[in-house]
Structures are given as C-alpha cells and as structure tokens.
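Remarks on the overall topology
Each chain, written out:
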Amino acid sequence: DREHYKILRYTYIVPVPFPIQIVGRVSVKLMISIVGMIATISVGKIFLGIPFRPDGILWGQFAGSLGLGLIGLYGMGWMLASVMLLLDRMGWVWAEGVSGILFLAGGAIIPLSMLPWPMVWLGKILPMTYWADLWRISLYGDLPVLAQPNLSVPQLWTWLITLTIIWFVVSLIWYSICDRLARKLGRIELESFY
C-alpha cells in the first residue's frame with residue numbers, strides 16, 4: 001500500500017482500527033484459499049483416487065484444527081505485516097520468501113525428517129506443522145506420511161494449542177513494538193517513490 005497505492009497513511013487515520021482493517025483484507029484471501037483447498041482435496045479424491053478414511057472423515061477434528069491453525073497463521077502473518085511497517089520497499093519479496101520457507105518447514109510437502117536440521121527446528125515451532133498432521137489424520141487416517149510421525153493425536157493437539165497461543169501473544173507484542181517504532185521513525189508517512 002505504501003508504494004503502489006500510496007494509501008498506508010490514510011489507512012492509519014480512518015476511524016476503524018488498523019488491525020480490524022487487516023483482518024478484513026485477510027478474510028478475502030482466506031476465502032480464496034479455502035476454494036483452493038477444496039479443489040486440491042477434490043482433485044486428490046476424484047482424479048488421483050486418494051481414499052478418505054474408511055471409517056469416515058473426522059469433521060470435528062478437521063474443523064477444530066482449521067480454526068486453531070488459522071489463528072496461528074494469523075499470528076505469524078501479523079508479525080510479518082508488523083515488520084512491513086518498518087520497510088520502505090519490496091515488502092512483497094519478503095512476504096513471498098517467508099511464506100515459501102514456512103510452507104516447506106511446515107511439513108506440507110516433505111516430512112520434517114527429510115529436511116536439514118534448521119528446517120526441522122523451525123518446523124517444530126510452527127503451528128501449521130501440527131495442523132497439517134491433524135488434517136491428514138482427519139481426512140485419510142493412518143495412511144498419510146505425517147510431518148511428526150512420533151506424536152499421537154492428543155500430543156498433536158497439545159502442540160497445536162500451545163504454539164497457537166504463543167504465536168498469537170507474541171504477534172500482538174511484536175505489533176505494538178513495530179507500530180511504535182514506525183510512528184517514531186515516520187515510516188507511516190514515508191514514500192520512497194519506488
């Protein structure tokens with residue numbers, strides 16, 4: 001918004017609090033992502049013949065882990081958005097790079113056991129790692145390769161809940177620090193004419 005639309009300063013002065021505006025904008029992207037998720041699962045079932053759990057999908061676990069996972073992702077996204085208040089150019093490069101690293105480290109593509117140790121360490125502190133495993137178990141049972149194969153379902157829930165709370169609280173603290181610093185340094189009004 002700072003470089004292309006040049007509206008960051010105006011977004012800050014409207015009566016609606018800045019965090020509420022961000023949540024509204026993220027909600028649109030969330031709906032688009034949910035459509036992509038449904039399409040991916042459907043293609044796996046219809047065209048690739050990936051079977052769902054023989055005893056039925058665990059909808060409660062699926063929906064519960066979705067809610068907690070989204071709160072954890074919100075916390076991580078909020079931290080990244082807070083950093084963007086301090087950057088004057090190329091924020092989208094940072095966002096794309098960080099999302100790619102999180103996608104890999106979260107065990108969405110490759111199980112953590114196959115990654116180098118720094119990525120394993122990062123994957124173990126991300127809520128999405130446990131969220132993805134709970135989804136796999138909810139949809140496919142014991143069939144899938146899990147990112148954390150040594151953890152039971154209750155342990156996956158414990159880690160997901162704990163890490164979601166931690167990331168959410170840290171993101172609120174981090175936002176207040178970045179917001180205060182951005183205001184102090186005049187970054188909200190800054191235009192680099194890039």
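Everything that follows concerns the structure shown earlier in this document.
Please read all numbers here as calculations on a predicted model, not as lab measurements.

1. What to know about the packing of aromatic side chains
For the structure on display, the rule yields eight aromatic pairs. Between Phe-62 and Trp-135 the ring centres are 4.5 Å apart and the planes differ by 20°, which places this aromatic pair in the stacked class. Within this pair, whereas Phe-62 is found in helix 3 (residues 59–84), its partner Trp-135 is found in helix 6 (residues 127–140), the two being separated by 73 residues in sequence. You'll find Phe-62 and Trp-135 in the same group, each marked buried. Each ring, one from Trp-131 and one from Trp-135, has its centre 5.5 Å from the other, and the planes form 80°; the classification is edge-to-face. Placement of both Trp-131 and Trp-135 in helix 6 is noted, with a separation of four residues, approximately one turn of the helix. We note that Trp-131, like Trp-135, is buried.

2. Notes on the pattern of salt bridges
Enumeration according to the criterion identifies three salt bridges in this entry. Across the salt bridge formed by Asp-179 and Arg-183, the nearest N and O atoms sit 3.2 Å from each other. Linking Asp-179 with Arg-183, this pair stays in helix 7 (residues 153–185), spanning four residues, or about one helical turn.

3. Here's the deal with the packing of helix 6 against helix 7
Helix 7 packs onto helix 6 with a crossing angle of 145° between their chain directions and a minimal axis gap of 8 Å. Note that helix 6 runs across helix 7; the crossing there is left-handed. Packed against helix 6, whose contacting residues are Pro-127, Tyr-130, Trp-131, Asp-133, Leu-134 and Ile-137, the element helix 7 presents Val-153, Leu-156, Trp-157, Trp-159, Leu-160, Leu-163, Thr-164 and Trp-167 at the interface. Partitioning the contact of helix 6 with helix 7 into residue classes produces 12 nonpolar, one polar and one charged.

4. Re the nonpolar core
Among the nonpolar cores identified, the biggest contains 26 residues, and Met-76, Leu-126, Met-128 and Trp-167 are the most heavily contacted of them. Mapped by element, the contributors of at least two residues to this core are helix 3, helix 4 (91–105), helix 5 (117–124), helix 6 and helix 7. Among the elements that line this core, the one with the most residues is helix 6, at eight residues. Excluding residues within four positions of it along the chain, Leu-126 makes contact with Met-76, Leu-102, Ala-105, Gly-106, Leu-163 and Trp-167. Membership of the second largest hydrophobic core comes to eight residues, among which are Tyr-12, Ile-22, Trp-78 and Leu-85.

5. Quick word on helix 7
Relative to the 48 Å expected for 33 residues at 1.5 Å per residue, helix 7 spans 47 Å between its end C-alpha atoms, a close match to the ideal helical length. Every buried residue of helix 7 is accounted for by Leu-156, Leu-160, Leu-163, Thr-164, Trp-167, Ser-171, Tyr-175, Cys-178, Asp-179 and Ala-182. Of the residues flanking the end of helix 7, it is Gly-186, one or two places downstream, whose phi is positive at about 75°.

About the cut-offs
- Residues numbered from 1 in each chain as written.
- Predicted model: local features only at pLDDT ≥ 70, side-chain atom pairs only at ≥ 80, totals over all residues.
- Heavy atoms only, no water.
- Phe/Tyr/Trp six-rings, centres within 6.5 Å; stacked < 30°, edge-to-face > 60°.
- Helix = DSSP H or I, 4+ residues; strand = E, 2+ residues; numbered from the N terminus.
- Buried < 20%, exposed > 50% of the residue type's maximum accessible area, 1.4 Å probe, protein only.
- Salt bridge = Lys/Arg side-chain N within 4 Å of Asp/Glu carboxyl O.
- Axes fitted to C-alpha atoms, helices over the stretch in contact; angles between N-to-C directions.
- Left-handed = near helix turned anticlockwise from the far one by under 90°.
- Contact = heavy atoms within 4.5 Å.
- Nonpolar A, V, L, I, M, F, W, Y, C, P; charged D, E, K, R; others polar.
- Core = buried A, V, L, I, M, F, W, Y, C linked by side-chain atoms within 4.5 Å.
- Expected span 1.5 Å × (residues − 1).

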